[in-house]
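# Examination of the molecular architecture
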Amino acid sequence: MDGRDEEAGAAVATGRPLDRRAELSEFLRSRRARLKPEDVGLAAFGRHRRVPGLRREELAQLAGVSVAYYTRLEQGNGRNVSAEVLDSIARALRLTDAEHAHLTHLAKPKAHTKKPVARQQQVRPALRQLLASMDGVPAYIVGRRAEILAWNRTAAALFGDWAELPPAERNWARLTFLRPDYRDLFVDWEQKAIDIVCALRMDAGRDPDDARLSALVGELSVKSEEFRRLWATHDVKEKSHGVKRMRHPLVGDLALNFESFRLTDGSDQSLVTYHAEPDSPSAESLRLLASWGTDATRSVPSV
């Protein structure tokens, strides 16, 4: 981390809301730094460049705005910036859809009534019934801040029985960065960690006033060097599907496809499911875990 990232880490460690202007500034700087002039069809003048990536004037030229205007924006002053200008800057920076949305959240926050800080995230009864009916399919509901809100028996067999944890510990970020057993569970732990941090960054862009999120980021920044490193990248993305390779202490290696379905009821919750390729060794192992249910978690010290 550079000095600015260290200052940001110290601020969030207190649980104070994230500084939206600082987040906007750091995000734009980090996206500009990853581009080279030749990447965007510009000539690289001079052998020695004092800054990594594109210069501000080069980015401004690509986006069709003045250098002074872009400089103000990169300094965190997104007031009155138009959607058209943000679109031009996003194209110039070659942002992904998720990064474009994150930039918009930071530069043009939507006016909203603050939610009560202590309000518990609630899962609709029908969703809990759906989870219970998905026999043999590990499934859970995840909400804001990577909080695990509800799950079924097969998910407990695969990931460990989260019912045995205090509610505050039922959080993918805490489990991934602070629990050695989860580091052992995911074969590609680094990618899992990256996915979690990117999701938290998206949450921070949508609601930087979330004191619980700030406290979580502060806690992880203090306790995990890996988290500090990944948080400082300012990377954001939304991953809706893929393959996770796991090494379960009871059934060994598993290759499972996951799907994430974002609910459209305004709850900021997603249904996440895992399944194996039909007739594969992973499918047989998953059937074995499903037959054991939560008893599987009692057969080993932890999953």
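Use the structure listed above.
Right, let's walk through the structure included here. As the structure is a prediction and not an experimental result, all values here were calculated from the model.

About the thresholds
Residues numbered from 1 in each chain as written. Predicted model: local features only at pLDDT ≥ 70, side-chain atom pairs only at ≥ 80, totals over all residues. Heavy atoms only, no water. Helix = DSSP H or I, 4+ residues; strand = E, 2+ residues; numbered from the N terminus. Areas by Shrake-Rupley, 256 points an atom, 1.4 Å probe, with all protein chains shown as cover. Phe/Tyr/Trp six-rings, centres within 6.5 Å; stacked < 30°, edge-to-face > 60°. Buried < 20%, exposed > 50% of the residue type's maximum accessible area, 1.4 Å probe, protein only. Pairing = 2+ DSSP bridges.

## As for the overall build of the protein
A count of helical and extended segments in the protein gives 14 helices and five strands. Carbon and sulfur atoms provide 51% of the accessible area of the protein, an area that totals close to 15400 Å².

## Re the packing of aromatic side chains
Counted according to the given criterion, the structure contains 16 aromatic pairs. Seen from their ring centres, Phe 159 and Phe 186 are 6.5 Å apart, and the 25° between their planes marks the pair as stacked. Here Phe 159, found in helix 8 (residues 153-159), pairs with Phe 186, found in the loop between helix 10 (180-185) and helix 11 (189-206); they are 27 residues apart in sequence, far enough to count as distant. Phe 159 gets classed as buried once you look at its relative accessible area, which sits at 0%. Both rings, one in Phe 177 and one in Phe 227, keep their centres 5.3 Å apart while their planes meet at 90°; by these two values the pair is edge-to-face. In this pair, Phe 177 sits in helix 9 (residues 172-178) while Phe 227 sits in helix 13 (residues 225-231), placing the two residues 50 residues apart along the sequence. You can call Phe 177 buried: its relative accessible area is 6%. Grouping aromatic residues by their ring pairs yields a cluster made of Tyr 140, Trp 151, Phe 159, Trp 162, Trp 172, Tyr 182, Phe 186, Phe 258 and Tyr 274.

## Brief notes about the pairing of strand 4 (residues 252-262)
Summarising the sheet, strand 3 (residues 241-248) and strand 4 pair through eight bridges and their orientation is antiparallel. Across the sheet, Lys 244 pairs through a bridge with Leu 256, a residue of strand 4. In this structure, the hairpin formed by strand 3 and strand 4 is closed by a connection of three residues. Pairing analysis gives six bridges linking strand 4 to strand 5 (residues 270-275), with the strands arranged antiparallel. Across the sheet, residue Glu 259 finds its bridge partner in strand 5, namely Thr 273.

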